[in-house]
Amino acid sequence: MRPLDEAETTAVFTKLFKFIGPNLKSLIEAESHEVTTAADNSSRYCFRLHKNRVFYVSEYLVKRATNVSRKNLVSLGTCIGKFTKGGSFHLTVQALGIMAPHAKRKVWVKPTSEMSFLYGNHVLKGGLGRITEGIAPGDGVVVFSMSDVPLGFGVAAHSTQDCRKLDPNANVVLHQADIGEYLRMEDDL
């Protein structure tokens, strides 16, 4: 497990900024809730790379994990994404728990279309419950149920203004990840 280099940090922060915007600063400066020693009673979170996967983990836990060899270390903290062999960064569904409280652009889906989204389909205009103002095409959005439970995330296909006059079968959010992946891709996570 090692810290991210400059190019990797840029790729991770660019992808996270697409979804949470200026709230990225609060994500980085978040205080850890783990018990630390009296000499160091404040611990922050950091990003670490291990086997092409990026983890969001407290510095206290990173110090404690130095006793475990790299070969035996499976996971540490929350895996938020992975680097492909081509070098691009992809967010995984595990990042939803970190992104949802800080999300700048949100979409709420109707109960009738929740299952469709959880099976990996795009969000259609007919299944759209609410949408935040100021969304542009290509922006990252977090998808919620009408009871404010985060379901996944994706990319906006149309702006907020365009969504009002779309056909009910038009795509509003292009699917990227959802919580149904915990069951569908159990072995890969």
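Preceding this paragraph is the structure being described.
What comes next concerns the included structure.

Scoring rules and cut-offs
- Residues numbered from 1 in each chain as written.
- Predicted model: local features only at pLDDT ≥ 70, side-chain atom pairs only at ≥ 80, totals over all residues.
- Heavy atoms only, no water.
- Helix = DSSP H or I, 4+ residues; strand = E, 2+ residues; numbered from the N terminus.
- Rg over C-alpha atoms; globule rule 2.2 N^0.38 Å.
- Buried < 20%, exposed > 50% of the residue type's maximum accessible area, 1.4 Å probe, protein only.
- Contact = heavy atoms within 4.5 Å.
- Lys, Arg positive; Asp, Glu negative; His and termini not counted.
- Charge placed at Lys NZ, Arg CZ, Asp CG, Glu CD.
- Pairing = 2+ DSSP bridges.

### Quick word on the overall build of the chain
Thought 1: Secondary structure summary: the chain contains seven helices and 11 strands in total.
Thought 2: At 18 Å, the chain has a C-alpha radius of gyration in line with the 16 Å of a compact globule built from 189 residues.
Thought 3: In terms of overall dimensions, the chain has C-alpha extents of about 60 × 35 × 30 Å along its principal axes.
Thought 4: Taken across its 189 residues, the chain has 41% of its residues classed as buried.
Thought 5: Contacts spanning at least 24 positions in sequence make up 56% of the contacts within the chain whose residues lie at least 6 apart.
Thought 6: Charge-centre separation for the chain: the mean point of 23 positive side chains lies 2 Å from the mean point of 19 negative side chains.

### As for the pairing of strand S11 (residues 171–178)
Thought 1: Sheet topology places strand S7 (residues 123–124) next to S11; two bridges connect them, and they run antiparallel. Bridged to valine 123 within S11 is valine 173.
Thought 2: Note: strand S10 (residues 150–156) against S11, five bridges, orientation antiparallel. What sits directly across from glycine 154, in S11, is histidine 175.

### Thoughts on unusual backbone geometry
Thought 1: Positive phi, close to 55°, is recorded for lysine 51, a residue that is not glycine.
Thought 2: Inspection of the secondary structure assignment puts lysine 51 in the loop between strand S2 (45–50) and strand S3 (53–58).
Thought 3: Overall, lysine 51 belongs to the exposed group, its relative accessible area being 59%.
Thought 4: With phi around 65°, asparagine 52 is a residue other than glycine that occupies positive phi space.
Thought 5: With respect to the helices and strands, asparagine 52 occurs in the loop between S2 and S3.

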